[in-house]
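# Tertiary structure, described
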Amino acid sequence: TQLLEQSPQFLSIQEGENLTVYCNSSSVFSSLQWYRQEPGEGPVLLVTVVTGGEVKKLKRLTFQFGDARKDSSLHITAAQPGDTGLYLCAGGGATNKLIFGTGTLLAVQP
Amino acid sequence: DTAVSQTPKYLVTQMGNDKSIKCEQNLGHDTMYWYKQDSKKFLKIMFSYNNKELIINETVPNRFSPKSPDKAHLNLHINSLELGDSAVYFCASSRRGVGNTIYFGEGSWLTVV
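A short tour of the structure in this document, coming up.

About the criteria used
- Residues numbered from 1 in each chain as written.
- Chains lettered and ligands numbered in written order.
- Predicted model: local features only at pLDDT ≥ 70, side-chain atom pairs only at ≥ 80, totals over all residues.
- Heavy atoms only, no water.
- Helix = DSSP H or I, 4+ residues; strand = E, 2+ residues; numbered from the N terminus.
- Buried < 20%, exposed > 50% of the residue type's maximum accessible area, 1.4 Å probe, protein only.
- Contact = heavy atoms within 4.5 Å.
- Polar contact = N/O pair within 3.5 Å; in protein donor to acceptor, adjacent residues only side chain to side chain.
- Buried area = accessible area lost by both parts, 1.4 Å probe.
- Nonpolar A, V, L, I, M, F, W, Y, C, P; charged D, E, K, R; others polar.

All names here are of chain A. Relative to the elements of secondary structure, tyrosine 87 occurs in strand β9 (residues 85-92). Since its relative accessible area comes to 0%, tyrosine 87 is described here as buried. Placed 61 residues apart in sequence, tyrosine 87 and serine 26 show a C-alpha to C-alpha distance of 20 Å. Residue contacts for tyrosine 87: discarding those within four places in its chain leaves Gln6, Tyr35, Arg36, Leu46, Leu74, Ile76, Gly103, Thr104 and Leu106. For tyrosine 87, the side chain forms a polar contact with the side chain of arginine 36, separated by 3.2 Å. Of note is the side chain of tyrosine 87, whose polar atom sits 2.6 Å from the backbone oxygen of aspartate 83.

Structure follows, in structure tokens:
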């Protein structure tokens, strides 16, 4: 069974701080996606990475896919209250089936 | 315009009842999904349809029966509801193929009492 473990599970920080969320698995994925989910809404895609070692930046968010394509990280610089939400990584394989991570609930206090 | 819309958004029902959740997407996608998110926020795929054809059917009780009348609609019918069925159910859609963006609906919050 493919599993994606995220850490930390919960994170509460002050506005302006930096943070990193990790997504780890023992399985290899052909692609890795990161989603953000706000209360009462469905997850919304932030980024897709497909190459081992790939780094993508989205404003203050930096995403990295591990060299072996088994793990990924999301780094947020100077967090803002608007970054608050549930962050989910999701691994893709040979089919349309996405395996979602266990989630990281981020709260950024003003 | 809402890309993936599902109804109802909230549903409270008694154990043993049968209920349906409807989903429609206006993105022209071939592939539609149902996901279940439990109280710990864990999101797991239940079903996937490609152009009205079932392609993924995870280990889901057969009380859950998806129906796709056309490629823009994927409804979920649940028979004999149990307490453990309480969760948020998300409909989603994507283009056919691996690694494409999946667009989620806003979720249907089902509470079984």
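Once you've had a look at it, read on.
Within the fold, asparagine 50 of chain B resides in strand β5 (residues 43-50). Leaving out residues up to four positions away in the same chain, asparagine 50 of chain B has contacts with Asp30, Thr31, Ile55 and Arg96 of chain B.

Chain A puts 22 residues into the contact, and the matching count from chain B is 25 residues. Summing both sides of the interface, chain A and chain B together bury roughly 1700 Å²; the carbon and sulfur share of this comes to 57%. At the level of secondary structure, the elements contributing two or more residues to the side of chain A that touches chain B comprise β4 (31-37), β5 (44-49), β9 and β10 (98-100) of chain A. Residue contributions to the side of chain A that touches chain B peak at four residues, all from β4 of chain A. Within the side of chain A that touches chain B, the residues separate by chemical class into eight nonpolar, twelve polar and two charged.

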